[in-house]
Amino acid sequence: MSNGITVTLPDGKELVLDANATVFDVASEIGPGLAKAALAGRIEGELVDLRRPLGADCSLSIVTTKDELGGSIIRHSAEHVMADAVKRLFPSAQVDAGRTDHSEKFQYDFLVDEPFTPEDLERIEKEMNNILSEGAVFDREVMTRDQAEELFRGLGEELKLSRLGDIPADAEITIFRHGKFADLCRGPHVHNTKQIGAVKLTEASGTYFRGDENGPKLQRIYGTAFESKKALKSYLARLEEAKKRDHRRVGQDLGLFHMDPLAPGSPFYLPKGMTLYNELVSFVQDLYPKYGYDEILTPQLFRADLFKTSGHYDKFHDDMYWFEGSDVGEELGVKAMNCPGHCHLFSTGKRSYRELPVRWAEFSRLHRNERSGTLNGITRVRSFAQDDAHIYCEPDQVAQEIDSFFKMTAEIYDKLGVDGIEMAVSTRPDEFLGEPEDWDVAEKALIDAVERAGFKCNIKEGDAAFYAPKVEADFRDVLGRAWTLATIQIDMAMPGRFDLRYVGRDGELHQPAMLHRAILGSLERFIGIYIEHTGGDFPFWLSPIQVVILPISDRHQERAYELKAALASKRVRAEVDDRSETLGFRVREGQTQKIPLTLVIGDDEVERGTVSPRLRKSKQAMDAMSAEALVEALSISNAERRKSPFA
RNA sequence: GCUGGCGUAGCUCAACUGGUAGAGCAUCGGAUUUGUAAUCCGAAGGUUAAGGGUUCGAGUCCCCUCGCCAGCUCCA
C-alpha cells in the first residue's frame with residue numbers, strides 16, 4: 001500500500017509526493033528550471049543521485065550546477081566519460097581508480113603499454129566530446145560482490161578486481177554505468193552526460209598502482225570539466241592569472257632571488273630578496289621576548305654520533321649530507337634540523353624546574369638532500385632556514401605552551417594577512433613509539449588547542465611521524481596545492497633518546513616534555529607562497545624598496561638625494577631613479593616593480609619642501625605634504641609594520 | 001628517485017618537411033631634461049644546456065649527462 005510521503009525542503013516548505021518518487025520528481029515538482037539544472041540531491045544530508053527514490057519522509061535539498069558541489073559531480077562524471085573514451089580508443093587499457101577530490105580537477109590511472117602522448121590527449125578529449133553529445137544516461141546499480149567480480153573479470157579489469165577487494169565485506173557495492181562503460185563507484189553522478197557542458201584534459205603523468213614504486217607503472221590523465229564552456233574558460237583564465245603570480249616569475253621580475261643549476265634547490269638571495277628575508281626574521285624575532293623565547297645558534301656540522309643518538313642517522317640518513325672530517329674516521333653530518341643540537345645542549349647542564357619552560361629558537365640554515373624530482377622553485381629546496389624553536393617543559397605545561405603557540409601563530413598570520421589557513425592534526429601511524437594512551441592524550445590536547453585558537457581543524461588519520469603527533473597549518477596556493485607552514489609536534493622520543501632530565505620541585509629527576517614548533521615554517525617556502533599570495537604587492541613594511549624618488553630633471557637631483565638620505569636615516573628604504581628617461585617611463589617602472597610609494601620631485605616640491613606621494617596602483621598623486629611629515633609617517637608605518645605607508 | 005614534457009642572447013619568444021640563428025625588452029653609447037604606466041638613434045650580445053653520434057650539412061634526427069616544469073612518492 002503506497003501512501004504519500006512528506007519531503008521537507010531547505011526553506012522549510014513541505015511537499016507531499018507519491019511514495020516511489022525520486023529526487024528528480026521533487027525537482028520537477030518545484031519547477032522545470034530546477035529540474036534542468038538539477039544534478040543530485042541530499043537526503044538527510046547524504047548525497048544521492050537524481051533517480052534515487054526517496055522511500056520515506058525526509059528532508060531534501062537539490063544540488064545544481066550552481067553549487068560548488070555541483071561542479072564536483074560534473075567533474076566526477078566527466079572522469080567516467082574520460083575512462084570511457086580511453087577504453088574506446090585503447091581497448092587493451094586497464095582502468096584503475098579516479099580521484100576522490102573533484103573540487104578542481106579529475107583524474108584516472110590507466111595500465112597501458114605506451115605512455116599517453118599530447119596527441120593522445122587531444123584524441124581522447126575529442127572522443128569525450130563525442131560521448132557527451134551522445135547524451136548517455138548514468139545508471140546506478142547495486143550488486144553483490146560476486147556479480148561485480150564477474151563483471152570486471154569479463155571486462156578484463158584486473159586492477160578493478162584488486163580495488164574491489166579493498167571494499168569492506170559489509171559495504172554496499174555500487175556500479176555506475178553510462179553507455180557501455182561501467183565502473184565501481186559511490187556516485188553520485190549527473191543524470192545525463194549532456195549536463196557536462198565542457199571538458200578539458202590538462203596533463204598526463206606517470207604514477208604507480210597504489211603509490212608503490214615497486215608496483216605496476218600506470219599512466220594518469222588529469223582534466224577538468226564545467227557546466228558550460230564559459231565556466232571552463234573563466235577557470236582557464238584564472239589559471240593564467242595564477243601563472244602570472246608564480247613566485248619563480250615574480251621573484252625574477254622583482255629581482256628577489258636567483259636559482260642556478262650549479263646549486264639545485266638552493267636560492268641565491270639578491271639584495272631585495274634578502275631584505276624581505278631579513279624583515280621576516282626581525283618580525284618573528286621581535287615577538288620572541290613577548291612569548292618567552294630565547295634565540296640560540298648551534299653548529300652547522302656535527303659528528304655523526306649526535307644523529308645516531310637522535311635517530312636521524314638511521315631514519316633520515318639518505319636525506320642528509322655526510323662527509324669525512326679531517327680526523328681519521330671522523331664522520332660529519334651537515335645539519336638538516338635543529339632539534340638534535342638543541343636536545344644535546346639541553347642535556348649539557350643540570351636543569352631545574354624553575355627554568356622551565358626552556359624555549360630555544362634558531363634560524364640556522366639547514367640542508368636536506370631532497371630528491372631531485374621534489375624540488376620546486378623556492379617552495380621546496382635543499383637549503384633553507386626555519387623560524388624554528390624547541391620547547392622543553394614540565395608535562396603539565398604542554399597545554400599552555402600549545403595555546404601560546406597558536407596565539408603567536410594567529411598574531412603573525414594576522415599581521416602578514418595570511419588567511420584561509422586550515423589546521424590539520426595528524427594522528428599516530430601504524431608504527432609508533434610510546435603508549436597508545438599517551439598518544440590519545442597528546443592528540444586530544446592538540447585538537448582542543450586548535451579549536452580554542454579558533455582555527456578550522458581537520459584530522460589526518462595515521463599521518464604523524466613515528467615519534468610525535470603534530471598539527472600543521474595547511475595553506476592552499478592559487479593552484480589549489482596545499483603547503484605546510486606552521487607546525488607543532490609533541491615529541492615522544494627525543495627526550496628519552498637524549499636522556500633529558502630536570503630536577504623537579506620534589507627534588508627528583510624528571511623527563512621534560514618536548515615540543516617542536518615553527519610558524520612561518522621554512523622561510524624559503526613561506527616567501528615563495530607569500531609572493532603568490534600577494535602577487536608581489538608586499539605590505540609596506542616588507543617591501544624591499546619602499547619609496548622611489550623621481551627627480552623631474554637634473555636640477556632636482558640634489559633634493560631627491562636629500563630626501564633619500566632623510567628617509568634612510570629613519571630606516572625607510574628609498575631609491576632615487578634619476579635615469580635619463582621620461583617621467584612616465586620611470587613612474588611605470590615604479591609601478592611594475594611594486595614599489596609602494598612614488599615621489600616625483602620638480603620645481604614645486606623643491607621650492608616648498610613638499611612631496612606629492614603616489615601610492616602603488618593609484619592613478620594619481622595624493623595631496624602635497626611636507627617632507628618632514630612624510631618621513632615621520634613612513635617611519636611610524638615601519639615601526640608598526642603597517643600594510644600601507646599612511647595608516 | 002620515478003613517469004611525461006621542456007632547454008635558442010640577461011628576460012620573453014621566432015627560425016616551413018635538416019640548408020647562412022632572428023625580434024622585442026633589458027644592457028652599453030649618444031641625443032633628449034621630461035609633471036605621474038613605455039622618447040629617439042646607434043652598438044654590442046649566441047660553440048642553440050654539456051658531451052657524443054647519424055648526415056655533404058644538425059637548433060631541428062638518435063644516444064647520454066645536467067637542469068627546469070607538471071604529476072607520483074616524500075616533506076618545512
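Everything discussed here concerns the structure shown above.
Colleague: Break down the overall build of chain A for me, citing the residues and quoting the values.
Modeller: The helix and strand inventory of chain A stands at 20 helices and 34 strands. By principal-axis analysis of the C-alpha atoms, chain A measures approximately 90 × 75 × 55 Å. Sorting the 647 residues of chain A into buried and exposed places 51% on the buried side. Summarising the internal contacts of chain A: among those between residues at least 6 apart in sequence, 68% fall at separations of at least 24.

Colleague: Tell me about the protein's contact with RNA strand B, residues and numbers included.
Modeller: Contacts to RNA strand B come from 57 residues, most closely from Tyr208, Ser372, Thr484, Ser580 and Arg614. Atoms of RNA strand B within 4 Å of the protein belong to the sugar or the phosphate in 50% of instances, the rest to bases. Within the backbone of Gly377, a nitrogen or oxygen atom sits 3.3 Å from a phosphate oxygen of RNA strand B. Elements represented by at least two residues in the surface near RNA strand B include exactly strand S11 (198–208), strand S12 (217–226), helix H8 (247–253), strand S21 (383–393), strand S25 (482–491), strand S28 (513–522), helix H18 (583–592) and helix H19 (603–608). Take the surface near RNA strand B: its biggest share by element is seven residues, from H18. Counted by class, the surface near RNA strand B contains 14 nonpolar, 23 polar and 20 charged residues.

Colleague: Give me helix H13 (residues 398–416): which residues, what numbers.
Modeller: Taking 1.5 Å of rise per residue, 19 residues should cover 27 Å, and H13 covers 27 Å from first to last C-alpha, within 8% of that figure. When we look at burial in H13, the residues that qualify are Val398, Glu401, Ile402, Phe405, Phe406, Met408, Thr409, Ile412, Tyr413 and Leu416. Taken around the axis of H13, the buried residues stretch over an arc of 165°, which confines them to a single face. When the buried face of H13 is taken as reference, the exposed residues oriented beyond 90 degrees from it are Lys407 and Asp414. Immediately beyond the C-terminal end of H13, within one or two residues, lies Gly417, with a positive phi of roughly 70°.

Colleague: So, the packing of helix H9 (residues 271–291) against H13: which residues are in play, and what are the values?
Modeller: Axis separation between H9 and H13 bottoms out at 11 Å; the angle between their running directions is 145°. Of the two possible hands of crossing, H9 and H13 adopt the one that is right-handed. Across the interface between the two elements, Leu280, Phe283, Val284, Leu287, Tyr288, Lys290 and Tyr291 from H9 touch Ser404, Lys407, Met408, Glu411, Ile412, Lys415 and Leu416 from H13. Split into classes, the residues belonging to the contact of H9 with H13 amount to nine nonpolar, one polar and four charged.

Colleague: A description of the pattern of salt bridges should follow, citing residues and the corresponding values.
Modeller: A full pass over the atoms with the stated rule returns 34 salt bridges. We note a salt bridge from Arg555 to Asp603, for which the minimum N-O separation is 3.0 Å. Taken together, the residues Arg555 in the loop between strand S29 (547–551) and helix H17 (557–569) and Asp603 in helix H19 connect sequence positions 48 residues apart. Salt bridges linked by common partners bring Asp84, Arg88, Glu127 and Glu134 together as one network.

Colleague: Please give an account of the packing of aromatic side chains that cites residues and values.
Modeller: Scanning all chains against the criterion turns up 16 aromatic pairs. Centre to centre, the rings of Phe226 and Tyr235 are 5.1 Å apart; their planes meet at 40°, and the pair counts as tilted. Taken individually, Phe226 and Tyr235 each receive the classification buried, so the pair is uniform in this respect. Ring geometry for Phe405 and Phe406: centres 5.3 Å apart, planes at 65°, overall edge-to-face. There is no split in this pair, since Phe405 and Phe406 are both buried. One aromatic cluster is present, formed by Phe302, Phe307, Tyr313 and Trp322 through successive ring pairs. When the ring centre of Phe226 is taken as origin, the NZ or CZ atom of Arg75, which lies over that ring, is 4.9 Å away. Lying across the ring of Phe346, Arg351 places its NZ or CZ 5.1 Å from the centre.

Colleague: Could you give me a rundown of the sheet that holds strand S30 (residues 574–576), with the residues and numbers involved?
Modeller: Spatially, the four strands line up as an open sheet ordered S30-S29-S31-S33, and their pairing is mixed. The sheet is open, and its two borders are formed by S30 and strand S33 (613–615), each paired with just one other strand. Taking each pair of neighbouring strands and ignoring which way they run, the sheet shows an average axis angle of 25°. Alignment of S29 against strand S31 (residues 597–601), held across five bridges, turns out to be parallel. The partner of Leu550 across the bridge, within S31, is Val600. Its contacts with the sheet put H17 on S29, S30 and S31, and the angle it makes with S29 is roughly 165°. Its contacts with the sheet put H18 on S29, S31 and S33, and the angle it makes with S29 is roughly 175°.

Colleague: Go over the sheet that holds strand S10 (residues 181–184), please, and point to the residues and values.
Modeller: With respect to topology, three strands assemble into an open sheet ordered S8-S9-S10, the strand pairing being antiparallel. Two strands lie at the open edges of the sheet, namely strand S8 (138–143) and S10, each paired on one side alone. Taking the axes of each pair of neighbouring strands and ignoring which way they run, one obtains an average angle of 25° across the sheet. Direction of pairing for S8 relative to strand S9 (residues 173–178): antiparallel, over a ladder of six bridges. Residue pairing across strands places Val142 opposite Thr174, the latter belonging to S9. Sheet contacts for helix H5 (residues 145–155): S8, S9 and S10; angle to S9, the most-contacted strand, approximately 40°.

Colleague: I'd like a rundown of unusual backbone geometry, residues and numbers included.
Modeller: Cis geometry marks the peptide bond from Leu356 to Pro357; its omega dihedral reads -5°. Checked against the element boundaries, Pro357 lands in the loop between helix H12 (339–347) and strand S19 (358–362). The phi torsion at Arg571 lies on the positive side, around 65°, for a residue other than glycine. Tracing the chain through its elements places Arg571 in the loop between H17 and S30. In this structure Arg571 comes out as exposed when scored by relative accessible area, which is 71%. One non-glycine residue, Lys594, lies in positive phi territory at about 65°. Under the relative-accessibility criterion, Lys594 is labelled partly exposed at 24%.

What counts as what
Just so you know, the residues in each chain are numbered from 1, in the order the chain's sequence is written. In the order they appear in the text, chains get letters beginning with A and ligands get numbers beginning with 1. The model is predicted, so local features are restricted to residues of pLDDT at least 70 and side-chain atom pairs to those at 80 or more, both for listing and for counting; the totals for chains, interfaces and linings are taken over all residues. Derived side-chain values reflect all non-hydrogen atoms in the structure, with water molecules and hydrogen atoms excluded from consideration. A run of H or I in DSSP counts as a helix once it spans at least four residues, and a run of E counts as a strand once it spans at least two, with each numbered from the N terminus. Buried residues are those whose accessible area, probed at 1.4 Å on protein chains only, stays under 20% of the maximum for their type, while exposed residues exceed 50% and partly exposed ones sit between those limits. Any two residues whose heavy atoms approach within 4.5 Å are treated as being in contact. Proximity is defined per residue: if any heavy atom of the residue lies within 4 Å of a molecule or strand, that residue is considered near it. The definition of a polar contact used here is a pair of N or O atoms within 3.5 Å, where within protein one atom must be able to donate a hydrogen and the other to accept one, and adjacent residues in sequence count solely through side-chain atom pairs. Residue type decides the class: Asp, Glu, Lys and Arg count as charged, Ala, Val, Leu, Ile, Met, Phe, Trp, Tyr, Cys and Pro as nonpolar, and the leftover types, Gly among them, as polar. In this scheme, a helix's expected span is set at 1.5 Å multiplied by one less than its residue total. For this quantity, the arc is that covered by the directions from the helix axis to the C-beta atoms. Lines fitted to C-alpha atoms define the axes, with helix axes restricted to the stretch in contact, and inter-axis angles between N-to-C directions lie between 0 and 180 degrees. Crossing chirality is assigned from the near helix's rotation relative to the far helix, an anticlockwise turn below a right angle marking it left-handed and a clockwise turn marking it right-handed. What counts as a salt bridge is simple: a side-chain nitrogen of Lys or Arg found within 4 Å of a carboxyl oxygen of Asp or Glu. When the centres of two rings from Phe, Tyr and Trp lie within 6.5 Å, Trp using its six-membered ring, the rings pair. Their planes under 30 degrees apart give stacked, over 60 give edge-to-face, and anything left gives tilted. Placement of a positive charge over a ring is assigned whenever Lys NZ or Arg CZ falls within 6 Å of the ring centre and within 35 degrees of the normal to the ring plane. When DSSP finds two or more bridges between a pair of strands, those strands are recorded as paired.

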